[in-house]
Amino acid sequence: TLKKPTASSKLGITLTSPETAVGANSLDVATVVTALSDDGIAFQTDRSLLGAELLSVNGTDVYSHDHGTKLLKSSLGRITLRVQPPLRLQEVNLFKPAEATKLGMTLSGVGAPKVSALSADGLAAKAGQLEVGSELLSVNSVEVFDHEQGTMLLKAARGAVRLLLRVRPAVREV
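One structure accompanies this document, and this report is about it.

Reading the values: rules and limits
Residues numbered from 1 in each chain as written. Predicted model: local features only at pLDDT ≥ 70, side-chain atom pairs only at ≥ 80, totals over all residues. Heavy atoms only, no water. Helix = DSSP H or I, 4+ residues; strand = E, 2+ residues; numbered from the N terminus. Rg over C-alpha atoms; globule rule 2.2 N^0.38 Å. Buried < 20%, exposed > 50% of the residue type's maximum accessible area, 1.4 Å probe, protein only. Contact = heavy atoms within 4.5 Å. Areas by Shrake-Rupley, 256 points an atom, 1.4 Å probe, with all protein chains shown as cover. Lys, Arg positive; Asp, Glu negative; His and termini not counted. Charge placed at Lys NZ, Arg CZ, Asp CG, Glu CD. Salt bridge = Lys/Arg side-chain N within 4 Å of Asp/Glu carboxyl O. Polar contact = N/O pair within 3.5 Å; in protein donor to acceptor, adjacent residues only side chain to side chain. Pairing = 2+ DSSP bridges. Phe/Tyr/Trp six-rings, centres within 6.5 Å; stacked < 30°, edge-to-face > 60°. Lys NZ or Arg CZ within 6 Å of the ring centre and 35° of its normal.

**Some details on the overall build of the protein chain**
- Looking only at helices and strands, the protein chain features 4 helices and 14 strands.
- For a compact globule of 174 residues, the expected C-alpha radius of gyration is about 16 Å, and the protein chain comes in at 21 Å, more than 25% above that figure.
- Dimensions along the principal axes, computed over C-alpha positions, put the protein chain at roughly 65 × 35 × 25 Å.
- By the burial criterion, 37% of the 174 residues in the protein chain qualify as buried.
- Relative to all contacts within the protein chain whose residues are 6 or more apart in sequence, the contacts with residues 24 or more apart total 60%.
- Surface accessibility of the protein chain: about 10,000 Å² in total, with carbon and sulfur atoms responsible for 53%.
- Separation of charge centres in the protein chain, based on 19 positive and 17 negative side chains, amounts to 5 Å.

**Observations concerning the environment of Met 105**
- Secondary-structure assignment places Met 105 in strand β9 (residues 105-108).
- Residue Met 105 is classed as buried on the basis of its relative accessible area, which comes to 14%.
- A C-alpha to C-alpha distance of 9.3 Å links Met 105 and Leu 130, two positions 25 residues apart in sequence.
- Filtering out sequence-adjacent residues up to four positions away, Met 105 remains in contact with Val 115, Ala 117, Leu 118, Ala 124, Leu 130, Leu 154 and Leu 163.

**Description of the pattern of salt bridges**
- Going through the model one piece at a time under the given rule, you end up with 3 salt bridges.
- Where Asp 46 meets Arg 172, a salt bridge forms, and the shortest distance between an N and an O atom there is 3.2 Å. Within this pair, whereas Asp 46 is found in the loop between α1 (41-45) and β4 (53-57), its partner Arg 172 is found in strand β14 (residues 172-173), the two being separated by 126 residues in sequence.
- A relative accessible area of 16% means that Asp 46 is categorised as buried.

**Considering the side chain of Ser 75**
- Note on placement: Ser 75 falls in the loop between α2 (65-74) and β6 (77-79).
- Within polar-contact distance, the side chain of Ser 75 engages the backbone oxygen of Leu 71 at 2.6 Å.
- For Ser 75, the residues in contact, after removing those within four places along its chain, are Lys 4, Val 57 and Asn 58.

**So, the pairing of strand β7 (residues 81-84)**
- Relative to β7, β4 runs antiparallel, the two being bridged by 4 bridges. Of the residues in β7, the one forming a bridge with Val 57 is Leu 81.
- Here 2 bridges tie β7 to β14, and the two strands are oriented antiparallel to one another. Note on β14: the bridge partner recorded for Val 83 is Arg 172.

**Details of the environment of Val 132**
- The topology assignment puts Val 132 in the loop between α3 (123-127) and β11 (135-139).
- Using a relative accessible area of 55% as the deciding quantity, one classes Val 132 as exposed.
- Remark: the alpha-carbon pair of Val 132 and Tyr 63, spanning 69 residues in sequence, is separated by 28 Å.
- Those residues in contact with Val 132 that sit more than four places away from it in its chain are Val 115, Ser 116, Ala 117 and Leu 118.

**Details of the packing of aromatic side chains**
- Summed over all chains, the structure comprises 0 aromatic pairs.
- Against the face of Phe 43 rests Arg 47, its NZ or CZ located 4.0 Å from the ring centre.

**Describing the environment of Leu 153**
- You can see Leu 153 is positioned in helix α4 (residues 147-156).
- Taking C-alpha positions, Leu 153 is 36 Å from Thr 31, a pair spaced 122 residues apart along the chain.
- Ignoring sequence-local partners within four residues, the contact set of Leu 153 consists of Val 139, Val 142 and Val 144.

**Details of the side chain of Ser 64**
- If you trace the backbone, Ser 64 turns up in the loop between β5 (60-61) and α2.
- From its side chain, Ser 64 meets the backbone nitrogen of His 67 in a polar contact 3.0 Å long.

Take it as geometry only, folks, not as evidence of what the structure does.
Below, the structure written as structure tokens:
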């Protein structure tokens, strides 16, 4: 929670949104924290806001850059922000001793498949690095386009198995 004692106090948050981009859908445009001013309240309170998508201010959903800016400027006292931290890429290395060895990972979804389940006794879960909800981008440097192909690559793999995943951290409140 941020605390803005007076109307003249500065949160020091700079927002950016690609609303004017050609073909941008105004209903699906992220408003992102792109800078924190050194002398602002946000910088002093929580520097991890940098790069996060601003989802709401004090329970009010942010639907545009201008709307988010107005909400931040007009808020006083305790300010609660709901943010989605930025996506990150993660490489996971596993060793699969035989083709028949099960990784214990279930994929689902359209496009880049998501890890939808991990079997507690499987190699994937035991590695302790995979998260349900992560998108599988490649297996041993072969790009994965859908869950059927991803499943086939994982089943056929043997020995060193290198996975590249896109991880979306959980939404959090500040």
